[in-house]
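Chain by chain, the residues:
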Amino acid sequence: MKIIKIFILLFFFLNVNNSQLTPITPETTLSASVINTINDSNVFFKTPRATADTYCDKSSYDIHIKTLSGSIVNATTNGVGFNIIKKSQTNNEYLYSLYSGLYPSFGTSYQDLTFTTNDNINHTYKFIITCSDFNIDNLVVSTAVKPFYIMGTYYYYISIYGIEPISPFQISTTDYTYIKISNDPIYNYVIQISSSIVQNLTKDIDITLKFSNNRLFPIKVESFFAQFNEEDLATTHIDTFYPPNILSPGLNFTEFAYQCGPVLQSMVNTNIIRPYQLIYARSVGEKFTIPIKGKKGNMTYIGMIANGNTTFINADGLSIINFNISTNIQAITLPSVMPIFISSATVPINPIPIYAVIINNTQPFQFTNFFYNYFSDIIRGWPYGFHSGNNKNYTHKVSFVQLGKYSTTSQYSFGINISAKELSKTFSPLIMVDSPSPPKLLSYEFTRVSNQKYLLRLMIESVNGIKNIIATSSIYIYIDSLVSGTIYNGTFEFITGYYDINHVIINDLYGYTTTYKIGDVISLDPLVIFQLPSEINYKLNISNFQNNNIRFLKNNLNLEEDSYNIIYVESSDIPQDKPMSFVVLDPISFPIERDMSDINSKIFRNPFIYNTSTGVFECKFILPKNNIFGNIQYMIEYAPEMGLYSSDLLTQLFVNNTVLDNQGPLFSSFEKIGNGLVISSTTPTGTIGWKFNITDDLNGFESGYIKVMGTVDSSTYHFNFTMNDVIGDKFNCQYQILINITQPCITQEYRIVRVILFDTNKIVSKFNLYTPSLVTASIVNPFLNFLDQGIDITILPFVCSTLQVTNDIKPTLLSFTTSTTTMDVGATNRTITFDFSIDNASTIKLDQLPTVYITSLFNGLVECISKLVSNDSVNVFYSCSTELPLGFGFPNSLAFSLYGIVNNGGYYYGYSSDDIYDVPNSNYYINTTFTNNQPVIKSTDRYYSDDNGELVIYGRGLSKVSRVDFIYSDSTLSPNSATSTTIYGSSVIRVGGIKNTKNAFYIKAQTSEGLISNEYTVYPIYFNSTATPKPTPSPTTTPIPTITPIPTNPPQKCLGNPECGGKNQGYCSPTGCICYSPWIGTTCTSQIIIVPQPSTNTTNPQVEIPTDNNNGQSSESNSQEPQKMIFKSLISLVSLRELNFKNEEVKNHIFDQWIYTPIDEFKNQYFTTVSNTNITATLEWFNQSTSIQFANQNLTMNPSSIKYTIEITKYQFSSSLNQLQLVMAASLTTNSNDICSLNQFGNTSTGDDSNYLKIQIENHSLYGRFIKRAIIDNIVKSISNVLLDSSLNVVDSSSSLQSFIGITIPYYSDSIIVDPDFSVLIDSKSASNEDDSVCTKKNSGLTTAQLAGIIVGSIAFAAVIVIGAVYIIVKRNKQKKFVENVNKKMTEMNNNK
């Protein structure tokens, strides 16, 4: 019954639509019908594309004609603006296309279609088309779904119904909103609202839908911010500018590089991910900010600043605040080409003619890329095409294989674009042909090979031969996809995703093209229409996901490490074979805000797999570490340009614990080496370069690349480095790049022209001297901290006072040979080797390696960088090898050119293909052949480390594979062969039997004919759904394993009069006095002083805390105006000592140099290295009382206190019986010599089981707490703290007092972390009233004067990676020098009193 209904419905559509194509003459020998009506039931009833249009969209119609006798010789139409052409013919069946060149107006149009047969009979049909305006009498709008944010735009999915006769593609509005169809059956439209439209954070946004004849329909949508609680909105922000002086009046700032200007960083108190922030400048329009650092409640955003007047728009609670700034930014313009001569010609050399273009240029070359267009786009910089000269005046010459035959109807030109200046030369092929027979698609077939991928098989016929196939804008298919037959009649196979295909364009070698879109007719007999597989066309909607049928394996995530997760979708309404993907839209997984180029490549689709056992769709995904907090946006994609966003769905993905790191590594220091070097006869050699520190707070640095070029001769140096090459750890490391300069040489500058730095999360910082395509150059600049210094820091000049090479004499190319004269570009082995030699060896710059370029007619070029084989006083010999891409250049020849020869006199040279032709016994070209039966592995599907051993392999020539072998890099796994093999066509194999491994493994295929494929490496993606984030040791960690016993302080007698300071200040417990805040100490008679945060020491981790006696009681004095007493506390880190089992010193490592890194306004970090051991000290200031945890112990940080977290990596002990001792020094000074001081060291009584050090002068104290536990090798163990005043040379004078304390750590293997802290106190009792005080009296005999210096030691130990420094100072001299420096510092403090 159902089949009958479908047949009746189909018959109804065909008859209704064909009633619009009515025969006027009898259909005796010919019949016509419109055959694409099933896909578009309203094919004859058109509406505008947008609601405000007063005309309908252009349209086309496929008309199928069948003749009973004779043949059609002509077809015409009298329709205004319409044309009719024949598309194809199969015997007596014809396919014509009727298409409009004009936009039809409202109303009904009539036209006559006349088909003339060879018997001179005209067959005429009346064709009727109706263009109708929209009826909105029943219009209804629903806006129930929450909006979401992407790249400065708010998106609202809404339902709009009642527009008749059909839904328009776009709904016009009266404002700057944009509404287009979404393809979802329920929420059928999406509104895009720019951030700049928002004027009030809570007020609804008014939108007016616009229809023709000024018909308006107002609607309202909630503000994006209405979904949040008011207390979660941004409240305050602190803005930081780079460079800091960019707002200074009269400052002229020059861009650091092209489109690389100043930036603004805004630290915002916000509990939502996207607070309202916008930067608007008339010169560039509106720009949104990007989150780069922080966590919930404290986020940092970055945005670029444009020239002129700029408004920074920011939210403060519910208010929107505008902040206006004005800047004067001098733009760097792209260097241009100023040719004094340009020519092009065909060089008629045999057997392969060459087309050459020559440009003589006088404009200086400044490292820009050249864009060439010669049947394919080529982008290349130096040395390609640089034929002779230097960067001040050079000749540019490129050569290509000359086009042999081409269509007479096509235009041909060679185009070159340098820095936005376009040059072009027209040319003609050798032979003009008139063969208007475009390629024809005979048949096609889709085969599902994996959850996302399809094998598309195309059978194509082409009189002229196939050049390439284009599927959508992202898939280019070349000859390597030919699996059987020839380019004239063959079968092509390629892999596509369900999301890729919407058309296929076939191009032949003569320039003719045929395009097939979805719904186009492929064949008339039988009738075949180009369609996607039915499972792709099956449309889902919101109702498929609204019954709480989505869940995550893990939610409320902790992203201290990567989160391995699975999303489950359970729905009986979704077909089991429906392809779907899960796309995470967090800023780390989807980094389009940082780099908006090639967006498609940044969409990482995770495939859903239907589990037949559970009846649930499952999808693995990895959410990267150190990500954004809160609600993570995602999309479930189910068809091309169709998907559902998480805002539409009930199930959300939340992140609770994370600290964002969305900024690539930055340079924190950058120093020139050998700046201004002079090379002369007395100094014939020298070295220049740069030494720099790279910091990356959370993810840590992973790898980098720096390119340096000479400003005269374009000498190029490439520097690649990883964590294995640097000194330090991944959070702060140091590296240097060096270039040797030797005579003979020329005076010039070396410039850094490119930098790429990656962190461990693959977040990149980039610098390019000229980057026309990177609009985010400012915010990804690794030189962000050096904008105030300008581009000069990337430039190193040097002088060569004696030039031994003066003449511009081009070296002679003596020979140029290839390993083959014919290359099978379809073979498994496609490696080609070049050997060449050059004379004038004494003038050649040997560290500059020439490059061979292999040019094809339609496939661009391949480069091969040579290696120096040998040289003597006369000649230099080079060689290079490279693998050609599969199918490269076929069926044409490949031509060669050679560039990048540099001499010591500042000139460079190259040889084009026609130049090489003139070299005796040389090969300037090779021929190509193509076989398609040899197995080649190109790629594989993504493979996770916990997969079930199955893998899909993609390649060519795989139809006869009989065996697939696996070889494992894990030596514990023996090689094996696939246990199962399924072959799809000639391009895909699904194999099973891979052993469980997380390490790389290799695959190789063998055919039944004995042909063996290339070896392909597979890198499994680590995945562990049971893994939980590994805690990072810090003062606030989860419990860490503990080795008992951990010491506890013995009970102490409650002291004081009154006891424990009295009932309002503390109470007596079995362990001693327990104090009420803000009181502290063994007698609860000292009180925390609230002091300003001390200034940051950027040289070493010394902290100086100044206070005065306004915080306490004034001391006694005979003066009528008591002198104001100033107290200065100095905390410093001294050394790392190795002690033997008798506590005798074995080694003493004095800390000499430190690397400073700011973290935030309250936290700084210092690094050093001693004896290959890294020490990291993090100093954190606390403005208020804060609860923390260290080594499984809860501690309270007092306000106005500073904490040191000191980490020490592996140490090479002289003996396993030895231990380490971290030595710290502390001092306290005052500006009075009539004082008393007191030094105390003992156990605390507050239950924190620590030692305390208290140094008191008069009624002021410096108080240090030393915990008796540490994290040693990730286990909590006990340590001891000892006073070292008796064994070290302390300073003790009438105005200064010094103490040393040692934190003693037992033998360990990998790492230790200790955590002391310090506070400044005011005491109720003066030191003069204590029995153990030391006082200095004046001549007057006063006994209450106060002691002038107390040293409180126990500072945090900052660890720096000291790069490349080898200190040859005797340890005792170093310690003596350190003590002298401390004494000098204390003397300076006293002199400033």
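Because the structure is a prediction, the values reported are computed rather than measured. (Residues numbered from 1 in each chain as written. Predicted model: local features only at pLDDT ≥ 70, side-chain atom pairs only at ≥ 80, totals over all residues. Heavy atoms only, no water.)

1. Structural notes on the overall build of the protein chain
Link 1 in the chain: When you go through the protein chain residue by residue, the secondary structure sums to 4 helices and 112 strands.
Link 2 in the chain: By the burial criterion, 54% of the 1393 residues in the protein chain qualify as buried. (Helix = DSSP H or I, 4+ residues; strand = E, 2+ residues; numbered from the N terminus. Buried < 20%, exposed > 50% of the residue type's maximum accessible area, 1.4 Å probe, protein only.)

2. Regarding the sheet that holds strand β38 (residues 440-448)
Link 1 in the chain: Strand order across the open sheet formed by 4 strands is β38-β39-β43-β42, with antiparallel pairing between neighbours. Looking at the sheet topology across the chains shown, the edges are occupied by β38 and β42 (482-485). When the angles between neighbouring strand axes are averaged without regard to direction, this sheet yields 20°.
Link 2 in the chain: With 8 bridges connecting them, β38 and strand β39 (residues 453-461) associate as antiparallel partners. When the bridges of β39 are listed, Lys440 appears paired with Glu461. (Pairing = 2+ DSSP bridges. Axes fitted to C-alpha atoms, helices over the stretch in contact; angles between N-to-C directions.)

3. Regarding the state of the cysteines
Link 1 in the chain: Taken as a whole and assessed by the stated rule, the structure comprises 6 disulfides.
Link 2 in the chain: Disulfide pairing places Cys745 opposite Cys800 at an S-S distance of 1.8 Å. The chirality of the disulfide connecting Cys745 with Cys800 is left-handed, given an S-S dihedral of about -115°. In this pair, Cys745 sits in the loop between β66 (732-742) and β67 (748-759) while Cys800 sits in strand β69 (residues 795-800), placing the two residues 55 residues apart along the sequence. The burial state of Cys745 is the same as that of Cys800; both residues are buried.
Link 3 in the chain: Each sulfur in the disulfide pair Cys1054 and Cys1068 lies 2.0 Å from the other. Across the S-S bond linking Cys1054 and Cys1068, the dihedral sits near 90°, which makes this disulfide right-handed. Of this pair, Cys1054 sits in the loop between β87 (1016-1018) and β88 (1066-1069) while Cys1068 sits in strand β88, and the two are 14 residues apart along the sequence.
Link 4 in the chain: A relative accessible area of 11% means that Cys1054 is categorised as buried.
Link 5 in the chain: Overall, the relative accessible area of 41% leaves Cys1068 in the partly exposed class. (Disulfide = S-S within 2.5 Å.)

4. Focus on the pattern of salt bridges
Link 1 in the chain: This structure, assessed with the given rule, holds 27 salt bridges.
Link 2 in the chain: The residue Glu883 makes a salt bridge to Arg830 at a minimum N-O spacing of 3.8 Å. Taken together, the positions of Glu883 in strand β76 (residues 876-883) and Arg830 in the loop between β71 (822-824) and β72 (831-838) put the pair 53 residues apart, joining distant regions of the chain. (Salt bridge = Lys/Arg side-chain N within 4 Å of Asp/Glu carboxyl O.)

5. Side note on the pairing of strand β12 (residues 153-161)
Link 1 in the chain: For β12, a buried count of 8 out of 9 residues is recorded, marking the element as mostly surrounded by other parts of the structure.
Link 2 in the chain: Pairing geometry for strand β10 (residues 140-142) and β12, over 3 bridges, is antiparallel. By the bridge assignment for β12, Val140 is matched with Tyr161.
Link 3 in the chain: The sheet contact formed by strand β11 (residues 148-150) and β12 spans 3 bridges and is antiparallel. For Ile150, the partnering residue across the bridge sits in β12 and is Thr153.
Link 4 in the chain: From the end of β11 to the start of β12, which pair antiparallel, there are 2 residues, and Met151 there has a positive phi angle of about 50°.
Link 5 in the chain: Where β12 meets strand β15 (residues 189-194), 6 bridges bridge the pair, whose relative direction is antiparallel. The residue of β15 that forms the bridge with Tyr157 is Val190.

6. Describing a nonpolar patch on the surface
Link 1 in the chain: The grouping of Leu846, Leu849, Ile865 and Leu868 at the surface amounts to a nonpolar patch, some 310 Å² of accessible area in total.
Link 2 in the chain: Along the polypeptide, Leu846 turns up in the loop between β72 and β73 (851-855).
Link 3 in the chain: For Leu846, a relative accessible area of 31% translates into the label partly exposed. (Patch = residues over 30% accessible without salt bridge, like charges linked within 9 Å, V, L, I, M, F, W, Y side chains within 5 Å. Areas by Shrake-Rupley, 256 points an atom, 1.4 Å probe, with all protein chains shown as cover.)

7. As for the side chain of Glu637
Link 1 in the chain: As for its placement among the helices and strands, Glu637 is situated in strand β56 (residues 634-639).
Link 2 in the chain: In this structure Glu637 comes out as buried when scored by relative accessible area, which is 6%.
Link 3 in the chain: At 2.9 Å, the side chain of Glu637 forms a polar contact with the side chain of Tyr498.
Link 4 in the chain: Of the polar contacts made by the side chain of Glu637, one reaches the side chain of Arg605; its length is 2.6 Å.
Link 5 in the chain: The residues touching Glu637, leaving out its near neighbours within four places in the chain, are Tyr498, Tyr499, Pro579, Met580, Ser581, Arg605, Met642 and Gly643. (Polar contact = N/O pair within 3.5 Å; in protein donor to acceptor, adjacent residues only side chain to side chain. Contact = heavy atoms within 4.5 Å.)

8. Looking at the sheet that holds strand β44 (residues 503-508)
Link 1 in the chain: Overall, antiparallel pairing links the 4 strands, which are arranged β41-β40-β44-β45 in an open sheet. Strand pairing shows two members of the sheet lacking a second neighbour, β41 (475-477) and β45 (513-517), which therefore form its edges. When the angles between neighbouring strand axes are averaged without regard to direction, this sheet yields 15°.
Link 2 in the chain: Relative to β44, strand β40 (residues 466-471) runs antiparallel, the two being bridged by 5 bridges. Bridge pairing in β44 places Ile469 opposite Ile506.

9. What to know about the packing of aromatic side chains
Link 1 in the chain: Per the stated rule, a full pass over the model turns up 72 aromatic pairs.
Link 2 in the chain: Both rings, one in Tyr149 and one in Phe224, keep their centres 6.5 Å apart while their planes meet at 50°; by these two values the pair is tilted. Of this pair, Tyr149 sits in strand β11 while Phe224 sits in the loop between β17 (215-221) and β18 (237-242), and the two are 75 residues apart along the sequence.
Link 3 in the chain: Overall, the relative accessible area of 9% leaves Tyr149 in the buried class. (Phe/Tyr/Trp six-rings, centres within 6.5 Å; stacked < 30°, edge-to-face > 60°.)

10. A word on the environment of Lys578
Link 1 in the chain: Among the structural elements, Lys578 can be located in the loop between β50 (563-569) and β51 (581-584).
Link 2 in the chain: Relative accessible area serves as the criterion here: at 3%, Lys578 is assigned to the buried category.
Link 3 in the chain: Along the primary structure Lys578 and Gln452 are separated by 126 residues, whereas in three dimensions their C-alpha atoms are 9.5 Å apart.
Link 4 in the chain: Setting aside residues no more than four positions away along its own chain, Lys578 makes contact with Arg448, Glu535, Ile536, Tyr538, Leu540, Phe617 and Tyr638.
Link 5 in the chain: Here Tyr538 takes part through its backbone oxygen, which lies 2.6 Å from a polar atom of the side chain of Lys578.

11. Considerations on the confidence of the model for the protein chain
Link 1 in the chain: For the protein chain, the average pLDDT comes to 83, and 86% of its residues sit at 70 or higher.
Link 2 in the chain: The low-confidence segment residues 37-41, where pLDDT is below 50, has 11 contacts with residues more than four positions distant or belonging to other chains. (pLDDT = per-residue confidence, 0-100.)

12. Observations regarding the environment of Arg942
Link 1 in the chain: Structurally, Arg942 is set in the loop between β80 (936-940) and β81 (951-956).
Link 2 in the chain: Arg942 has contacts with Phe604, Arg605, Asn606, Pro607, Asp947 and Ile1021, leaving out every residue within four places of it along the chain.

13. Details of the pairing of strand β78 (residues 908-911)
Link 1 in the chain: Residues Tyr908 and Gly910 line one face of β78 and the alternating positions Tyr909 and Tyr911 line the opposite face, and both faces are buried.
Link 2 in the chain: The pairing of strand β32 (residues 386-390) with β78 spans 2 bridges and is antiparallel. Among the inter-strand pairings, Ser388 is bridged to a residue of β78, identified as Tyr909.
Link 3 in the chain: Taken together, the 4 bridges between strand β77 (residues 894-902) and β78 define a ladder with antiparallel strand orientation. Of the residues in β78, the one forming a bridge with Ile901 is Tyr909.

14. Let's talk about unusual backbone geometry
Link 1 in the chain: Looking along the chain, the bond that leaves Tyr242 and enters Pro243 is cis, with omega of 0°.
Link 2 in the chain: Tracing the backbone shows Pro243 in the loop between β18 and β19 (253-254).
Link 3 in the chain: Residues Phe890 and Pro891 are joined by a peptide bond in cis, for which omega reads 10°.
Link 4 in the chain: If you trace the backbone, Pro891 turns up in the loop between β76 and β77.
Link 5 in the chain: Positive phi, close to 50°, is recorded for Met151, a residue that is not glycine.
Link 6 in the chain: Phi is positive for Asn1143, which is not a glycine, with a value near 65°.
Link 7 in the chain: Along the chain, Asn1143 turns up in the loop between β93 (1126-1139) and β94 (1145-1150).

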